[in-house]
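# Inside the fold
Given next are the chains, with one letter for each unit.
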Amino acid sequence: MTLDDLKQLVRTVPDFPAPGILFRDITTLIGHGEGFAASVEHLAERAAAARAESIAGMEARGFIFGAAVAARLGIGFVPVRKPGKLPVSTLGIDYALEYGSDRLEIDPSAISSGERVVIVDDLIATGGTALAAAALLRQAGAQVDHALFVIDLPDLAGAQRLRDAGVTVDALMEFAGH
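A short tour of the structure in this document, coming up. These numbers were taken from a predicted model, which means no experiment stands behind them.

## Examining the sheet that holds strand E7 (residues 116-124)
If you trace the 5 strands from one edge of the open sheet to the other, you get E4-E3-E7-E8-E9, paired in parallel fashion. Each having just a single partner strand, strand E4 (76-80) and strand E9 (168-174) make up the two edges of the open sheet. Adjacent strand axes in the sheet meet at a mean angle of 25°, parallel and antiparallel pairs treated alike. The pairing of strand E8 (residues 143-152) with E9 spans 6 bridges and is classified as parallel. Of the residues in E9, the one forming a bridge with His146 is Thr168. Most of the contacts of helix H3 (residues 33-49) go to E9, to which it runs at about 160°, and overall it touches strand E3 (54-58), E7, E8 and E9.

Written out as structure tokens, the structure is:
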């Protein structure tokens, strides 16, 4: 399927979670077998071109695409978790959100020093979570210079924030607005 075909599979929900917001819902894309498989294939081709040695995905939707891409490439997947979800000692990072703060954690033994890790997630908006994940993975010793997304919302400038942090950003599709 073409990228335009895939874009047609993303449902837009107006006024969610607040009035004036157009929510880009990927559940319709992942619920379409051929569309989901094509999305994973497009992302896997880009991850392979970036010479990924493993894939990292942020909880929760990053797990869906990231784990599938890692499996497609036959490489490992590093789950970037919400706090308190891992049964071992973790490495963590706190980061600011527009409405407060949050934390991400990883198992530091999941990454080898210098390992080339490509971040995969469903959507890049303001970029806060992706920036925190990149910083955390780098703190663990990973080389993080690529991030792949199904959707980019360029008006929110998250992709540019990642580029400013030295991360090449690629997305399968873009939507204007919030």
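## Structural notes on the packing of H3 against helix H4 (residues 61-73)
How two helices pack is summed up by the angle between their axes together with the distance between the axes. Contact pair H3 / H4: the axes reach a minimum separation of 9 Å and the direction vectors enclose 65°. What the angle tells us is that H3 and H4 run roughly perpendicular. The crossing of H3 and H4 is right-handed. Contact residues: Phe36, Ser39, Val40, Glu41, Leu43, Ala44, Ala47 and Ala48 in H3; Ile64, Phe65, Ala68, Val69, Arg72 and Leu73 in H4. Per-class residue counts for the contact of H3 with H4 are 11 nonpolar, 1 polar and 2 charged.

About the thresholds
Residues numbered from 1 in each chain as written. Predicted model: local features only at pLDDT ≥ 70, side-chain atom pairs only at ≥ 80, totals over all residues. Heavy atoms only, no water. Pairing = 2+ DSSP bridges. Helix = DSSP H or I, 4+ residues; strand = E, 2+ residues; numbered from the N terminus. Axes fitted to C-alpha atoms, helices over the stretch in contact; angles between N-to-C directions. Contact = heavy atoms within 4.5 Å. Parallel < 35°, antiparallel > 145°, perpendicular 65-115°, else oblique. Left-handed = near helix turned anticlockwise from the far one by under 90°. Nonpolar A, V, L, I, M, F, W, Y, C, P; charged D, E, K, R; others polar.

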